[in-house]
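Observations on chain architecture
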Amino acid sequence: MPSDNHIKAAMSLIEDKSKVLGLTIGIHENVQPGTWLPRKSAQKPPKLFFAGANPTTTYLVVSLDIDAPFPAFTILSPILHWIQSDIQLIGNAALAFDAPFVANYIGPAPPPASAPHRYLFLLYEQPEGFDLTAHAPVAGRTVSNSNRMRYDLDAWAEKVNLGLPVAFNYFTCN
């Protein structure tokens, strides 16, 4: 099983409301940690907001499903749902990007009859010298499902010199 130090660090941020990553997902604005969302609403990447964002800092977001295939049987967890780099503050806490993805966004898809899954969003300060082309699929290809399952965020974070998360949020969906 992949290590989960980054996940534990991110989840501890929920206790500090100033470290909650703002999410707008479909028609759902200001999604609070743990909010249940319909699957259909979350098939496109969320809009990101962070009141603590620094205008001179570049950020990176990682999204994971930590309950696959079932919350009581997480043998495939975590599943990578998104990595986006080169995120900048564009004003009023709104974050935006125009760079290609590192891992394309995939929406929630828990199996039928599953209890709700938790979909995490971890915001990081992007490491100095992060090379998108060294980590993104060639020519904008999507990341295969086999490369998403049992994703070892801690190993990837070490490889790219990623610090600990600066903000975090999650929603649930089934």
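Labelled according to an unreviewed UniProt entry, the protein chain appears under the name PEBP-like protein, originating from Penicillium vulpinum.

Per the secondary structure count, the protein chain includes three helices and eight strands. Scanning the protein chain from its N terminus toward the C terminus, one meets helices and strands in the order α-β-β-β-β-β-β-β-α-α-β. Its C-alpha atoms put the protein chain at 45 × 35 × 30 Å along the principal axes. Here the protein chain holds 174 residues, and 47% of them are scored as buried. Sequence separation of 24 or more characterises 75% of the internal contacts of the protein chain that already satisfy a separation of 6 or more. Of the accessible surface of the protein chain, which amounts to about 8,700 Å², a share of 54% is contributed by carbon and sulfur atoms. Charge-centre separation for the protein chain: the mean point of 12 positive side chains lies 10 Å from the mean point of 14 negative side chains.

On to the nonpolar core. L60, V62, L64, I83, L153, W156 and F168 are the most contacted members of the largest nonpolar core, which has 29 residues in total. Every element with two or more residues in this core is listed here: α1 (5–12), β4 (59–65), β5 (79–91), β7 (117–125), α3 (153–160) and β8 (167–173). In terms of residue count, α3 provides more of this core than any other element does, four residues in total. With near-sequence residues (within four places) excluded, L64 lies in contact with I7, P78, I79, L80, H81, R118, Y119, L120, Y151 and L153. Core analysis: the next-biggest nonpolar cluster, separate from the first, contains 22 residues, L21, L23, L37 and F50 among them.

Under the definition given, this model contains six aromatic pairs. With a centroid separation of 5.4 Å and an interplanar angle of 20°, the aromatic rings of Y119 and F171 are classed as stacked. With Y119 in strand β7 and F171 in strand β8, the pair connects residues that are 52 residues apart, well separated along the chain. By relative accessible area, which is 1% here, F171 ends up buried. Pairwise contacts between aromatic rings join W82, F97 and Y105 into one cluster.

Turning our attention to the pattern of salt bridges. Enumeration according to the criterion identifies two salt bridges in this entry. Across the pair D4 and K8 runs a salt bridge, and its minimum N-O distance is 3.5 Å. Among the salt bridges present, the one from D67 reaches R118, with a minimum N-O distance of 2.8 Å. A residue pair is termed long-range when its members are at least 10 positions apart, and D67 in the loop between β4 and β5 and R118 in strand β7 qualify at 51 residues. What makes D67 buried here is its relative accessible area of 3%. Residue class for R118 comes out partly exposed when judged on its relative accessible area of 30%.

Let's shift gears to the pairing of β4. Taken across its seven residues, β4 has seven buried, putting it largely inside the fold. As paired elements, β4 and β5 share six bridges and run antiparallel to each other. Across the sheet, the residue bridging to V62 is I83, located in β5.

Once that is clear, we can look at the sheet that holds β7. Taken together, eight strands build an open sheet; the order of strands is β1-β3-β6-β5-β4-β7-β8-β2 and the sheet is mixed. Two strands close off the open sheet at either side, each with one partner strand: β1 (22–24) and β2 (35–36). Bridging between strand β3 (residues 47–49) and strand β6 (residues 94–96) involves two bridges; their strand directions are antiparallel. Within the sheet, the bridge partner assigned to F49 lies in β6 and is A94. Along the sheet, α1 makes contact with β4, β7 and β8, crossing β7 at roughly 90°. Running over the sheet, α3 touches β4, β5 and β7 and is turned about 165° from β4.

Criteria and thresholds
Residues numbered from 1 in each chain as written. Predicted model: local features only at pLDDT ≥ 70, side-chain atom pairs only at ≥ 80, totals over all residues. Heavy atoms only, no water. Helix = DSSP H or I, 4+ residues; strand = E, 2+ residues; numbered from the N terminus. Buried < 20%, exposed > 50% of the residue type's maximum accessible area, 1.4 Å probe, protein only. Contact = heavy atoms within 4.5 Å. Areas by Shrake-Rupley, 256 points an atom, 1.4 Å probe, with all protein chains shown as cover. Lys, Arg positive; Asp, Glu negative; His and termini not counted. Charge placed at Lys NZ, Arg CZ, Asp CG, Glu CD. Core = buried A, V, L, I, M, F, W, Y, C linked by side-chain atoms within 4.5 Å. Phe/Tyr/Trp six-rings, centres within 6.5 Å; stacked < 30°, edge-to-face > 60°. Salt bridge = Lys/Arg side-chain N within 4 Å of Asp/Glu carboxyl O. Pairing = 2+ DSSP bridges. Axes fitted to C-alpha atoms, helices over the stretch in contact; angles between N-to-C directions.

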